[in-house]
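# Structural overview for review
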Amino acid sequence: MALLALIFLLALLPAGSAKSRHLPKATILSPVFGPRQVYGVVGGSATVTCFYPPTSVNRHDRKYWCRQSGRSCGTVASTNGYVSSSFKGRISLTDYPEAENFQINISSLASTDAGTYLCGVGDNGRGLSYKVTLSVSQDPPVPEAAELFYVKLHSTWTVICSFGSEFSTWRKYLCKMEGEDCHDIIDNQNGVIDEDFKGRVLLSYELSADSVNIMMTQMDWEDSGLYRCGAGEYGKNGKSKELDVFIYEDKNFPQMKTTVTAKTGSSATFECLYEPLKKSSTRIWAKWEANRYNWIIDNTGNVRPQYRGRVAMFENPDNRTVTVILNQLSEADNAYYWCITNEAKDQQSSAELKVIEGKPQLTGEKEVEAQVGSRVNLTCTYTCAYYSYEKYWCKWSPSGCSMLPASDLSQLGPQASCSTSNRTVILSFDSVTEEDAGWYWCGVKNNGLFGETMAVQLSVTAAGRDAKHDPELLDVDAPSHAEFPNHVEPGPGPRGGAYSESGVRSGAAPASSDQGHGSNTLPLVLGPVAALLLIIVTAFAIVKYRQMKRSDLVSIGSYRTNISMSDFESVKDYSASNSACVKESQETAIGGDEFITTKDTPESAAEVKKAKRSSKEDADLAYSTFLLTSGSIAQGGPGGDSTALDVSPSQEQV
């Protein structure tokens, strides 16, 4: 009764998906795998391929082919060189350790060769074997045997199905056998996709419309079984091909994440497998669709335009992985993403990205604008969760992101510094240039693994028209009577530029937000001006000094003497008038209608030498005339130069 009740309950269970109804791992008794059925014709030949796990023991262990008879299995051939007498000369067993399989070739088939056989590793009947049924018919044709696929757990299964040009416009599909029926997994016309295979199976055209390429990632134990790829409708029309898939476990094959969860505005990190020794292989990261994939980035530096600044690819040869980071996440990024390669296709993988609401743990200004020559700081603040993580800045490019570690403070150019007190990482530019424009990433690492990132776009604009990249002074060659403006309007100019109030114009310094750049230009402008003023003052002082040296020289008629005015200060009649204001820069000539400013020239000295008055009378007359003139100057008051004496020879008194 209990058995009947169990059967009744199982019958009531709803029909599940193709995956849920397949045998679990516990039902797989042996990791050795071969064909379920092999067909041959009398007098013809048959080939059997058996796979085994690629362990060191299995590679060196005995392989055998035996025929079952009741509960025993008699050896027909083995790698030890044994061959049964009934098969001598028409059977061979060859081991291919690198291909992880061995093959049995039987020729001159007879009807008596039909039966049940085991292909195995080790001793007969020890569990590492697979049952194979050999059918021998009298006449062709014989049914087409299923194509075998020995697939590692968590890896990717790839198959190409060709149907002929007559089926180029027919519906293409992949289904999984369930008894006599075949459950659809995916097709290329009706949008069929089984929920258990969504995001991890892809059906696309290979080279022409009559052949398709099928890829299935993240293979699990439940994915073992018989499949059919076909054109048309299975069981109704068209053509199909049987595919036999067996899953085995390779402990050296890593298991990648199948789901990645990240917050809105933050970033997501994906890991892809690759073979470092195969440097010629192309690696692509793409967004999944049922019948195709949309590439986003590859290892040759190609990036889809709408993802520029958002995605980067990093190769890690040490652990044979490729890290792909996608930041600036939004709900539109919810999708399945694939790692695709043209070599080692079993290493292809897929993962689902789920973007949830939340606050990123790296924050900062996402867009920064600056002028050429200015100082710029890109800041990145992190939470305490990342306190012990390695922080870095890098500059994004299609081929990757050039690292600028926060701990490296001695490098030239842009430098990154980290302050643990305020949990901020700063990337500084002392004098930004147009080449510095672009995308910069702030990120964290933990034990060498990439974590969250934040992207910042730096825009650099050129300085104003009057600004020059290098400070300079413009030479001004003005005439002696040139008039300089009293004020120069600075007008709109770059920040930090210096403006001069003098007539000498200066080229503006490179635009800067730092006042220090303007102060560097000011000394360049005022220095030459100060030097010019110093020269003028020095020249004036020299001229003034020479005039003072000659201020006491007196010309009397055609005579000139070096008698100083101070020699006459003892004369009582003229003691008051001797202190009168006499312009120091002039000499007084008697006998004219006005004061004439003269210079002490060689011609005047010659005239003194030519004077011929030598009598005492002439000397007395000259002395009297000098005293009279001095008195007249004193009576003129401070007018000095502005008053003309009207002294004629007829009024002189001797």
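All values reported here derive from a predicted model rather than from experimental measurement.

### Details of the state of the cysteines
Two cysteines joined by a covalent bond between their sulfur atoms form a disulfide. For the structure shown, the criterion picks out 7 disulfides. Note on cysteine connectivity: Cys-50 is disulfide-linked to Cys-119, with sulfurs 1.9 Å apart. Judged by the sign of its S-S torsion, about -100°, the cystine formed by Cys-50 and Cys-119 is left-handed. Placement of Cys-50 in strand 2 (residues 46–51) and of Cys-119 in strand 7 (residues 115–121) is noted, with a sequence separation of 69 residues between them. A relative accessible area of 0% places Cys-119 in the buried class.

### A look at the sheet that holds strand 4 (residues 72–78)
Taken together, the 5 strands give an open sheet; going across it, the order is 1-8-7-3-4, and neighbouring strands pair in mixed fashion. Every interior strand has two partners, whereas the edge strands, strand 1 (37–41) and strand 4, have only one. Ignoring strand direction, the axes of neighbouring strands in this sheet form an average angle of 30°. Relative to strand 7, strand 3 (residues 63–69) is paired through 5 bridges, and the arrangement is antiparallel. Looking across to strand 7, one finds that Tyr-64 is bridged to Gly-120.

### A short note on unusual backbone geometry
Note that the residue after Pro-140, namely Pro-141, is joined by a cis bond; omega there is 0°. Within the chain, Ser-108 stands out as a residue other than glycine whose phi angle is a positive 50°. Within the fold, Ser-108 resides in the loop between strand 6 (101–106) and strand 7. The backbone of His-154 sits at a positive phi, close to 75°, despite the residue not being glycine. One can find His-154 in the loop between strand 9 (147–152) and strand 10 (157–162).

### Description of the sheet that holds strand 20 (residues 292–298)
Two modes of strand pairing occur in sheets, parallel and antiparallel, and in both the strands are linked by backbone hydrogen bonds. Across the sheet, 5 strands lie side by side as 17-24-23-19-20; this open sheet has mixed pairing. Across the chains shown, the open sheet's two edge strands, defined by having one partner strand only, are strand 17 (259–263) and strand 20. Going from strand to strand, the sheet's axes swing by 30° on average, the running direction of each strand aside. Sheet topology note: the strand 19 (residues 283–289)/strand 20 ladder contains 6 bridges and is antiparallel. Bridge pairing in strand 20 links Ile-284 to Asp-298.

### Observations regarding a nonpolar patch on the surface
The grouping of Leu-532, Leu-533 and Ile-536 at the surface amounts to a nonpolar patch, some 300 Å² of accessible area in total. Mapped onto the elements of the fold, Leu-533 is located in helix 3 (residues 515–549).

### Side note on the environment of Leu-118
Along the polypeptide, Leu-118 turns up in strand 7. Under the relative-accessibility criterion, Leu-118 is labelled buried at 10%. Placed 14 residues apart in sequence, Leu-118 and Val-132 show a C-alpha to C-alpha distance of 5.9 Å. Not counting residues up to four positions away in its chain, the partners in contact with Leu-118 are Tyr-64, Trp-65, Cys-66, Gln-68, Cys-73, Ser-129, Tyr-130 and Lys-131.

### Details of the packing of aromatic side chains
Here the distance between the centres and the angle between the planes together describe a pair of aromatic rings. Taken as a whole, this structure holds 20 aromatic pairs when the rule is applied. Measuring from centroid to centroid gives 5.4 Å for Phe-33 and Tyr-130, while their planes differ by 70°, and the two rings are edge-to-face. Of this pair, Phe-33 sits in the loop between helix 1 (2–12) and strand 1 while Tyr-130 sits in strand 8 (residues 129–137); the two residues are 97 residues apart in sequence, bridging distant segments of the chain. Exposure remark for Phe-33: the relative accessible area of 1% places this residue in the buried category. Between Phe-429 and Tyr-440 the ring centres are 5.5 Å apart and the planes differ by 75°, which places this aromatic pair in the edge-to-face class. Here the residue Phe-429 occupies a position in strand 31 (residues 424–429), and Tyr-440 occupies one in strand 32 (residues 438–446), the gap between them amounting to 11 residues. Assessed through its relative accessible area of 2%, Phe-429 is described here as buried. Exposure remark for Tyr-440: the relative accessible area of 2% places this residue in the buried category. By the ring-pair criterion, three or more aromatic residues cluster together here, those being Phe-33, Phe-51, Tyr-130, Tyr-150, Phe-246 and Tyr-248. Over the face of the ring belonging to Trp-295 we find Arg-304, whose NZ or CZ atom lies 4.8 Å from the ring centre. Lys-391 extends its terminal NZ or CZ atom over the ring of Tyr-387, reaching a point 5.9 Å from the ring centre.

### Digging into empty space enclosed by the protein
Taken as a whole and judged by the stated rule, the model has 4 cavities of 30 Å³ or more. Counted as a void, the second largest cavity has a volume near 80 Å³. Cys-272, Arg-283, Ile-284, Cys-339 and Ile-340 are the residues nearest the centre of the second largest cavity, which is lined by 14 residues in total. Put simply, the parts of the chain that give the lining of the second largest cavity at least two residues each are strand 18 (267–273), strand 19, strand 22 (321–327) and strand 23 (335–341). For the lining of the second largest cavity, a count of residues per class yields 10 nonpolar, 3 polar and 1 charged.

### Focus: the side chain of Ser-211
If you trace the backbone, Ser-211 turns up in strand 14 (residues 211–216). Setting aside its immediate chain neighbours within four residues, Ser-211 contacts Cys-161, Ser-162, Tyr-205 and Glu-206.

### Some words on the pairing of strand 18
Within strand 18, 5 of the 7 residues are buried, which leaves it mostly tucked inside the rest of the structure. Relative to strand 22, strand 18 runs antiparallel, the two being bridged by 7 bridges. Directly across from Ser-267, in strand 22, lies its bridge partner Asn-327.

Cut-offs and rules
- Residues numbered from 1 in each chain as written.
- Predicted model: local features only at pLDDT ≥ 70, side-chain atom pairs only at ≥ 80, totals over all residues.
- Heavy atoms only, no water.
- Disulfide = S-S within 2.5 Å.
- Helix = DSSP H or I, 4+ residues; strand = E, 2+ residues; numbered from the N terminus.
- Buried < 20%, exposed > 50% of the residue type's maximum accessible area, 1.4 Å probe, protein only.
- Pairing = 2+ DSSP bridges.
- Axes fitted to C-alpha atoms, helices over the stretch in contact; angles between N-to-C directions.
- Patch = residues over 30% accessible without salt bridge, like charges linked within 9 Å, V, L, I, M, F, W, Y side chains within 5 Å.
- Areas by Shrake-Rupley, 256 points an atom, 1.4 Å probe, with all protein chains shown as cover.
- Salt bridge = Lys/Arg side-chain N within 4 Å of Asp/Glu carboxyl O.
- Contact = heavy atoms within 4.5 Å.
- Phe/Tyr/Trp six-rings, centres within 6.5 Å; stacked < 30°, edge-to-face > 60°.
- Lys NZ or Arg CZ within 6 Å of the ring centre and 35° of its normal.
- 1 Å grid on protein atoms, 1.4 Å probe; cavity = no way out; pocket = protein on both sides within 12 Å on 5 of 7 lines; lining within 4 Å.
- Points joined across faces, edges and corners; volume = space filled by probe spheres on them.
- Nonpolar A, V, L, I, M, F, W, Y, C, P; charged D, E, K, R; others polar.

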